Every structure is written in structure tokens, then in C-alpha cells.
Amino acid sequence: MKSIKSLPNKDSRFVMAHMYVAFAALFVGASMGLLQTLERSGTVSLPAGVGYYQILTLHGVILALVLTTFFIMGFMMSAQSKTTGGYSKGELTAAWIGFWLMVIGTVSAAAMILLNEASVLYTFYAPLQAHVLFYFGLALLIVGSWIEGFVMFHRHRQFKKEHPGEKTPLLSFMGVVTMIMWIISSIGVASTVIFQLIPWSLGMVDSVNVLLSRTLFWYFGHPLVYFWLLPAYMAWYAIIPKIVGGKIFSDSLARLSFILLLFFSIPVGFHHQLTEPGIDPFWKYIQVVLTMVVVIPSLMTAFSLFATFEIRGRELGAKGLFGWLKKMPWKDARFLAPFIGMVFFIPGGAGGIINASNQMNQVVHNTIWVTGHFHMTVAITVILTFFGVAFWLIPSITGRTYTKGINKLAITQTILWTVGMTVMSVAMHWQGLIGGPRRSAFSEYAGNSDTAAWGPYQMAQAIGGSILFIAMIIMIGIFIYLAFFAPKGEEPYPVAEVADSAASTPKIFENWGLWVGVTLALILFAYTIPLIDIINSAPPGAPGFKLW
Ligand code: HAS
């Protein structure tokens, strides 16, 4: 059969370049994950002087920063290409420059970790210090993604010019919001890297203001997790309705929830620093309140998804409140994987609300509960959605087909991933509640009678990790098959239409000056005074300056 790609050839090649890096990262990062669970349970000792924190860093950086960034940029740019008619030559050239900067950055950071010159975890905050090439590497990864982001802004504007009076495509709009959030927030981490960590790592200064650097990191840290979540929401809002045979419940509601996520995802970083001294409790309180506000667009998302499923279910004859459940395409992994992701976001999101509640945070902070929380949110909710996307995206842009046989394997893969991650993350939550620390090698507490109670939970994590490893290998196999061996043909790029009953989308959604203005105002409100405090009250010895 003739091979028909859903995107222009050049755009397909560009998106696939991202996917190769993303799935290679999945292989390396998830293998490190297995080693970690085995080490923590005392099942294996790491060979040849390899350190626990070294593999923990590799696992975190390669999965949380590299896999996510490459997959997300590839997916968002594919969606924009599909819905706006493809990139121009100039746009694509700029985007390739961004891509190669990201690759150079990744290689540089990964090499430093492998050489044990950067065992500083994925959060890399001081006083842990890495080789300067690690910081340069991460900076390049971010700058590269900015360049691709600017290409997305340009394409969105061009579409508006080329289609006067028309509504912009929802997926392009969502990609633009995600990239505005990403660029505004990554200025924080770029500042600490360029002005604090690089000069310190080069020996130009003796020390850094640790609280300032952590605060700049966490200004970026929460939007970082939303940078992972928003592309999953893009798939939930605009792709899943098509896969279930339905329509988008409301275009305006989807756009509004993205705008609210932009407003409230940045001025909330203190919820990661609730136990840290040196930040006035009043400002922590303000940011906790703003954290509770950022939950609202996620609840709107849940509402919208329920509406889509219920309307579709009723079209197919479902009755009652949950009758739609019987009508969903359970045997289609392109639906099953993201749907399981949604279901797990209910306990995952509830865990987030617990974390953000000041008093409860004192119980769970720096315990392995937090690791359980983010495996449930990123590694189930987001990653299962990305796998669900990969099942159709890869054949669709390579001009191949998603066969029945590979769908069966994808269902097995989804179930194994869900079981492995559930066993692991539930055990992590539980062990956290009995005081299990978040990041500690087995050798650090082995033989201590006080820590014996953690044993069964760590063993459960090792079992979960082993199941996950098998699921990861199957996923890599599915990816290779879909990219190179599946029968040639045409696989549609599923973009849903908006329901006829939905109200028309107000023009104000394209008022970017307003959205960026409100976002900046909220950031200034939440951060100006505490940052001045942190700088003015730098401890003796920290390179500081008084703002006045
Ligand atoms: Fe979090 C720590 C608070 C969401 C990731 N989080 C982390 C860390 C990571 C992370 C990586 O306040 C560790 C950082 C580190 O290294 O130290 N988190 C929250 C809150 C939310 C939240 C309030 N987190 C996420 C998401 C993540 C993520 C999403 C990744 C993708 N988190 C925290 C806090 C900490 C933290 C503290 C610091 C803890 C500490 O002390 O260190 C909220 O955004 C959650 C809102 C979500 C909901 C759920 C809506 C449900 C939906 C699904 C609908 C389902 C359907 C299907 C339709 C309210 C949309 C239904 C079907 C049926 C059959 C029923």
C-alpha cells in the first residue's frame, strides 16, 4: 500500500528526530530507575564504583528533563504543523537549530553525569556542585526549546495573518500558552545557572546564596511539572474526543483552562519550600493559596472530559450517570493508555493538594511519599498519555499503520506499566508515611533496626521497578516497529472538532498582551518582596549585595 504521511515530509522528519531522542532517553532513564529500586532494596550493589546518586541523577535528568522536553516539543510542533498547514522553510531552519542545541546540551550534561562530575540530582541545587559543562548543557537544552517555542509563536501569528477572522486552531493555541509559560518560568532557572552556579563552578566566586538559588529554581520547578502536564491536557482536550468518536465539549472552556494554568502555575514555587527557613511565612501562605487556585483549571479539565465521555456515551445509547463507561473503546490502546492516565490523576492530584497543605507538608516533605506523588503524576498520568499519543503519532507521520497486532501488544504494555507503577508508587507513598527518606542509598541505613520497617516497601518498589522495566522494553519495541517495520499506509492524525452545541469562542483569547501582563503581575506580586528579603538577608559569607 502507498505510504501517506499526515504531515509534510520535512515536518515529519523534524518531529521524528525528537522522538528518536525521547525514546532513547526512555531506555537509558528507565534502566537507571530499575537499578535504583534494586539498590535501595539491597538486592544489588552497584558495580565498578558507580554511585547511587550518580544513577539517581542520570535517571532524573534523562527522564524528567530530556525525555519530556524532546517528546513535548516534537508532539506540540506536530500538532501545530497539522492544524496550521505546516512550517515554512525559515521556520523549520530555526527549529532545527533549536533541536541541535537541545541535543548538544543533552550530550554535554549526560557526559558529565557519566563521568561522575555532576551527581547533583535533577534539581541540581546548591550546595551540590557540578562540572560547568553540566550547567552549560542544561542551559543549551532550555535555550534550544525556547527557539522552537519562538517558531511556534511565529507560526501561530502567521496563521492568523493568513486566515483573517478565523479562530486559531485549539492545538496551536494550547502549544503557544505552554511555551509562554515555559519561557517565562525558565528565566528563573537560567538566572541561577548563569549568574550563580556557573561562576561558582568556575571558581570565580567562593560560595552562592543557596536560598536565592533554590528559590529561583522553584520559581521554575512548578511550571516545569505543568510543562509536562499541559501537552497531556492537549491530547485529552483535542485528540481523545476524536478517538472515542465524539467532539470537544467546549473550545472556550479548554482555552480558558489553559490561560488559568498560565496565570497560576508560576507564582506558587514556595509550596516546594514550605519547610525552608528564610522565607516569610506570610508569602508562603500567599503562594499556598495561589496553589489551591491552580487546582481549579484541572477540575475544569476533569469536568470537560466527563462531559465529552458522557455525551458520546449517550449518543451510543448509554443510560445513567456512569453508563458511558460501557461504551468507551477499551480495546483501543490509543484510548486506554491516556484514560488510565486520567484516572490516576485523581489520586495523584489529591496527593498534590496534601503536599500543598502546609501542616501536612511537614509530614511528607523529603520523604519518599513525594517520589510516590510524582511517579503517579508524571510517570503514570503524563507518560501513559504520551505513550497513547505515540501509538498513533509515530505511524501517522511515518506513513505506516497501527495494526491490530501492535494494538494488542500496546494494551499489554499499558497494563504492565500501570501495574508496575501502581505497585511502586503506592509502596513509596506508604513508606513515606512511616518516615522513609526521599533520597538515600541502601548502604546509608542498612542494618539499622529503626529502618527495618521500610524493608517490605522497598522490596515492593523493586518488584514494581522490574515490571516497569519489562513494560519499557516492550514500549521501545513498539516504537521501533511503528517507526520502521509496520505496514506502509495511512494512519490519520486524530484532531477532534468542537461540539455543535458549544458557544462560539470569544476573540479575547487571542489578546496575548493581556494574558502575559496578568501573568507577570501575579509573579511580581508573589515574588518581589520575598526575593528582596532573601537577597538583603543573605547570610555572612554568601556573595550578596543589598538592594538598598
Ligand atoms: Fe506535584 C512535588 C503539589 C500536580 C509533579 N510534584 C512534586 C514533585 C514533582 C511533582 C516532580 O504543594 C517533586 C519535586 C521535587 O523534586 O522536589 N502537585 C501539587 C499540586 C498539584 C500537583 C497542588 N505535581 C503535579 C503534576 C505533576 C507533579 C501534574 C507532574 C506532571 N507537588 C505539590 C507540592 C510538592 C509537589 C506541594 C512539594 C512536596 C514537597 O514537600 O517536596 C495539582 O496540580 C494537582 C491538581 C489535580 C487535580 C486532579 C484533576 C483530575 C483530572 C482527571 C480527570 C479524570 C477523568 C477520568 C475524567 C485536582 C483532570 C475519570 C474516570 C473515572 C472512571 C472516574
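Residues numbered from 1 in each chain as written. Predicted model: local features only at pLDDT ≥ 70, side-chain atom pairs only at ≥ 80, totals over all residues. Heavy atoms only, no water.

Draft legend 1. Broad picture of the overall build of the chain. Scanning the chain for helices and strands turns up 16 helices and zero strands. What you see for the chain is a C-alpha radius of gyration of 23 Å, in line with the 24 Å of a compact globule of 548 residues. Referenced to the eigenvectors of the C-alpha coordinate spread, the extents of the chain come out at roughly 65 × 55 × 45 Å. Split into buried and exposed, the 548 residues of the chain put 61% on the buried side. For the chain, restricting intrachain contacts to residue pairs at least 6 apart in sequence, the fraction spanning at least 24 positions comes to 84%. With an accessible surface of roughly 21500 Å², the chain has 70% of that area assigned to carbon and sulfur atoms. Counting 32 positive and 22 negative side-chain charges, the chain places the averaged centre of each group 10 Å from the other. (Helix = DSSP H or I, 4+ residues; strand = E, 2+ residues; numbered from the N terminus. Rg over C-alpha atoms; globule rule 2.2 N^0.38 Å. Buried < 20%, exposed > 50% of the residue type's maximum accessible area, 1.4 Å probe, protein only. Contact = heavy atoms within 4.5 Å. Areas by Shrake-Rupley, 256 points an atom, 1.4 Å probe, with all protein chains shown as cover. Lys, Arg positive; Asp, Glu negative; His and termini not counted. Charge placed at Lys NZ, Arg CZ, Asp CG, Glu CD.)

Draft legend 2. Molecular detail of the coordination of the iron atom of the ligand. One donor from the polypeptide reaches the iron atom of the ligand: His373 (NE2), at 2.2 Å. Relative to the assigned elements, His373 resides in helix H12 (residues 368-398). (Donors = N, O, S within 2.8 Å, 3.2 Å for Na, K, Ca; no water.)

Draft legend 3. Quick look at the environment of Ile97. Among the structural elements, Ile97 can be located in helix H3 (residues 89-114). A relative accessible area of 49% places Ile97 in the partly exposed class.

Draft legend 4. Quick peek at a positive patch on the surface. Residues Lys5, Lys10, Arg13, Lys89 and Lys488 make up a contiguous surface patch of positive charge. Structurally, Lys5 is set in the segment before helix H1 (9-40). (Patch = residues over 30% accessible without salt bridge, like charges linked within 9 Å, V, L, I, M, F, W, Y side chains within 5 Å. Salt bridge = Lys/Arg side-chain N within 4 Å of Asp/Glu carboxyl O.)

Draft legend 5. Geometry of the packing of aromatic side chains. Scanning the entire structure with this criterion turns up 50 aromatic pairs. Both rings, one in Phe282 and one in Trp283, keep their centres 5.1 Å apart while their planes meet at 85 degrees; by these two values the pair is edge-to-face. Three or more aromatic residues link up through ring pairs in this structure, and these residues are Phe124, Tyr125, Phe134, Tyr135, Trp182, Phe217, Trp218, Phe220 and Phe227. For the cation-ring pair, Arg214 lies above Tyr125, with the distance from its terminal atom to the ring centre recorded as 4.1 Å. (Phe/Tyr/Trp six-rings, centres within 6.5 Å; stacked < 30°, edge-to-face > 60°. Lys NZ or Arg CZ within 6 Å of the ring centre and 35° of its normal.)

Draft legend 6. A nonpolar patch on the surface, seen in detail. On the surface, Phe306, Leu321, Phe322, Leu325 and Trp330 cluster together into a nonpolar patch covering about 490 Å² of accessible area. Along the chain, Phe306 turns up in helix H9 (residues 281-315). We classify Phe306 as partly exposed; its relative accessible area is 41%.

Draft legend 7. Spatial organisation of H12. Of all the bends in H12, the greatest measures close to 35 degrees and is centred on Ala390. Here H12 lies mainly inside the structure; 30 of its 31 residues are buried. Once H12 finishes, Gly399 follows within two positions and takes phi at roughly 75 degrees, a positive value. (Bend = angle between axes of the 7 residues up to and from the residue.)

Everything listed is a geometric property; what it means functionally is a separate question.
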